[in-house]
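Per-entry structural report
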Amino acid sequence: MERLDPRTTHGTPDPLTQGGQGAFAGGAPAGRFDPWSYRDDAGVTGVDLVGYKVEASDGGIGKVDRASHEVNSSFLVVDTGPWIFGKKVMLPAGTVNHVDHDERKVYVDRSKDQIKAAPEYDEATDTDPAYRDKLGGYYDDTYSSIPPGTAR
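The notes below deal with the structure included here. Just so you know, these numbers come straight off a predicted model, no measurement behind them. (Residues numbered from 1 in each chain as written. Predicted model: local features only at pLDDT ≥ 70, side-chain atom pairs only at ≥ 80, totals over all residues. Heavy atoms only, no water.)

Next up on the list: the overall build of the chain. Along the chain, the regular secondary structure elements total two helices and six strands. Helices and strands appear in the chain in the N-to-C order β-β-β-β-β-β-α-α. The buried share of the chain, reckoned over its 152 residues, is 37%. About 9300 Å² of surface is accessible on the chain, with carbon and sulfur atoms providing 50% of the total. (Helix = DSSP H or I, 4+ residues; strand = E, 2+ residues; numbered from the N terminus. Buried < 20%, exposed > 50% of the residue type's maximum accessible area, 1.4 Å probe, protein only. Areas by Shrake-Rupley, 256 points an atom, 1.4 Å probe, with all protein chains shown as cover.)

Structure, rendered in structure tokens:
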């Protein structure tokens, strides 16, 4: 049997890496959460999500009021209705796990409590770098590479 040289790659590349950079499927580097970009496999490309229902990992939270598809600056503004006293919340694109276009639902990988505890949405400062850093940092801190509902 032929020995394999451990310094070279053999066979097909690992599906969770890209170009040897250790990137997760969906584009985020290993161990890093990219808050402002939709995951490649989320099913968002070229679709207007306004009006879609939003599902947290533990149930519905509202409807998409506004959606941005700007490169490295994408987000959803969700009207929570009576759930948290009619507030609007801004969810960075990286929280979107997948979209079901048949049901018109956006699934995010955060719980209701995580979303409720997020920094309050402020339309006047939603493009301010300091606000974005704060919001992105909050969701980065709540990120886990282990899917919701998985034993830890």
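The next thing to look at is the pattern of salt bridges. Evaluation of the coordinates by the stated rule reveals six salt bridges. Among the ionic pairs, Arg-39 bridges to Asp-109, the shortest N-O distance being 2.3 Å. In this pair, Arg-39 sits in the segment before β1 (53–56) while Asp-109 sits in the loop between β6 (105–108) and α1 (112–116), placing the two residues 70 residues apart along the sequence. Residues Arg-66 and Asp-126 are paired through a salt bridge, measuring 3.0 Å at the closest nitrogen-oxygen approach. (Salt bridge = Lys/Arg side-chain N within 4 Å of Asp/Glu carboxyl O.)

With that settled, the discussion passes to the environment of Val-54. Examined against the element boundaries, Val-54 turns out to sit in strand β1. Each C-alpha atom of the pair Val-54 and Leu-76 lies 9.8 Å from the other, and the pair is 22 residues apart in sequence.

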